[in-house]
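One letter stands for each residue in the lines below.
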Amino acid sequence: MKIKYLLFAFVLCLSLHSCVVLSTKKYQAMVSQRDSLFTRTANLETQVAQLQSDTARLRHELAGLKGDLADQRGAYGTLKGNYDALNTNLNSTNSKVSQLSSDLKKREQRLKEVEDILRKRDEATNALKDKLQKALLGFQQNGLTVAIKNGKVYVSLTDKLLFPSGSIVIDERGKAALKQLAAVLNKEPDINMAVEGHTDDKRIINLGQIKDNWDLSVLRATSVTRYLTEVEKIDPHRLTATGKGEFQPIDPTDSNDARTKNRRIEIVLSPKLDELYNLITK
């Protein structure tokens, strides 16, 4: 504004001076020049005001941008922290996955070894059954059976094939059957044997020192075990003798035929599973 007044004064002086010394034509030219200066000055002041307004606006926008930048930096720091935590967790997870994968491979290998052992056991069990059936073929019409149950071979001999009625002494026909059985088992050193005595549910009457079916089943099992070890020379470490009484019948019905089936000696043959046991307990 001060510049404006100075210009105005200058122009006024020129005008007054022109009134005295200048011609009308020059005076008019100077007035026109004055008016042009006024116009240009007004335009400059407008531009200055606009520039000042723009500067204030830009400063405000700059402050906003600085605030946004600070917020973005904070968000970036948070995201980077989360990323670093996730990356750490990922590395830990990858390590665990690698360990689990290694453990799984070991388990799969062990499972394969177990399956191979069980397959060999089943093959050996089936082969043993075939050998026994051939060796004992002549006694199968007299109440001897050979079967596989739960991976074991069961040789079942009715009491009539082994003992006189109510007796625990093996007769000659029974000894002949056991001799054929022992001939096969002596060639199979990796087979363990459990000799089980079974009776029917009829009470024992007048059998002297034999008090009940428990006694009868145990004594008959030990008679067979003693014959196999003492006469047929089977290693006694391979045998176990047990008495089951009448409590594991083949046929639970109340008939003479069922009782005949239930009075029996069962020789349960099972392969030694030391290799499998050692593998499982590793």
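Residues numbered from 1 in each chain as written. Predicted model: local features only at pLDDT ≥ 70, side-chain atom pairs only at ≥ 80, totals over all residues. Heavy atoms only, no water.

Participant: With reference to specific residues and values, describe the overall build of the chain.
Facilitator: Assigned secondary structure in the chain consists of seven helices and five strands. Going from the N terminus to the C terminus, the chain shows its helices and strands as α-α-β-β-α-α-β-α-β-α-β-α. (Helix = DSSP H or I, 4+ residues; strand = E, 2+ residues; numbered from the N terminus.)

Participant: Describe the pattern of salt bridges, with residues and values.
Facilitator: Any two side chains of opposite charge can pair, given that their charged atoms come close. Within this structure, the stated rule accounts for 17 salt bridges. The salt bridge partner of D35 is R34, with a shortest N-O separation of 2.9 Å. Looking at R34, the relative accessible area reads 23%, which means it is partly exposed. Across the salt bridge formed by R119 and D116, the nearest N and O atoms sit 3.9 Å from each other. Placement of the pair is R119 and D116 together in helix α2 (residues 24-135), with a separation of three residues, close to one helical turn. Taking relative accessible area as the criterion, D116 reaches 25% and is therefore assigned partly exposed. Here the salt bridges share partners, and the residues they tie into one network are K112, D116, R119 and E123. (Salt bridge = Lys/Arg side-chain N within 4 Å of Asp/Glu carboxyl O. Buried < 20%, exposed > 50% of the residue type's maximum accessible area, 1.4 Å probe, protein only.)

Participant: Requested: an account of the side chain of D251, with residues and values cited.
Facilitator: Position of D251 among the secondary structure elements: in the loop between β4 (239-245) and α6 (256-262). Within the buried core, D251 has no salt-bridge partner, and the shortest N-O distance to an opposite charge, that of K261, equals 4.1 Å. The residues touching D251, leaving out its near neighbours within four places in the chain, are A258, K261 and N262. (Lys, Arg positive; Asp, Glu negative; His and termini not counted. Contact = heavy atoms within 4.5 Å.)

Participant: Break down the nonpolar core for me, with residues and values.
Facilitator: Ranked by internal contacts, the top residues of the largest apolar core, which has 31 residues, are L132, V155, L178, V224, I267 and L269. Mapped onto this core, the elements with two or more residues apiece are α2, β1 (144-149), β2 (152-158), α3 (159-162), α4 (172-185), β3 (191-198), α5 (213-231) and β5 (264-271). Ranked by residues supplied to this core, first place goes to α4 with six residues. (Core = buried A, V, L, I, M, F, W, Y, C linked by side-chain atoms within 4.5 Å.)

Participant: So what's going on with the packing of α2 against α4? Which residues, and what values?
Facilitator: Two elements in contact, α2 and α4, have axes separated by 9 Å at closest approach and are oriented at 145°. In the crossing of α2 with α4, the sense of the turn from one axis to the other is right-handed. Residues L128, K131, L132 and A135 of α2 form the contact with α4, whose participating residues are Q180, L181, V184 and L185. Looking at the contact of α2 with α4 residue by residue, the classes come out as six nonpolar, one polar and one charged. (Axes fitted to C-alpha atoms, helices over the stretch in contact; angles between N-to-C directions. Left-handed = near helix turned anticlockwise from the far one by under 90°. Nonpolar A, V, L, I, M, F, W, Y, C, P; charged D, E, K, R; others polar.)

Participant: Now, about the packing of aromatic side chains: what can you tell me, with residues and values included?
Facilitator: All chains considered together, the criterion is met by one aromatic pair. The residue whose ring lies beneath K149 is Y154, and the NZ or CZ to ring-centre distance is 4.3 Å. (Phe/Tyr/Trp six-rings, centres within 6.5 Å; stacked < 30°, edge-to-face > 60°. Lys NZ or Arg CZ within 6 Å of the ring centre and 35° of its normal.)

Participant: Would you mind going over the sheet that holds β2 in detail, with residue names and values included?
Facilitator: With respect to topology, five strands assemble into an open sheet ordered β1-β2-β5-β3-β4, the strand pairing being mixed. Of all the strands in the sheet, just β1 and β4 have a single pairing partner and so form its edges. The average undirected angle you get between the axes of adjacent strands in this sheet is 20°. Here six bridges tie β1 to β2, and the two strands are oriented antiparallel to one another. The residue of β2 that forms the bridge with T145 is S156. Against the sheet, α4 contacts β2, β3 and β5, and its axis sits at roughly 5° relative to β5. Contacting β3, β4 and β5, α5 runs over the sheet at an angle of about 160° to β4. (Pairing = 2+ DSSP bridges.)

Participant: Before we move on, can you summarise the pairing of β4 with the specific residues and values?
Facilitator: In this sheet, β4 lies alongside β3 in parallel orientation, the contact comprising six bridges. Residue pairing for β4: A194 is matched across the bridge by T240. The β-α-β motif built from β3, the intervening α5 and the parallel element β4 has right-handed crossover chirality. (Right-handed = clockwise from strand over helix to strand, strands pointing away.)

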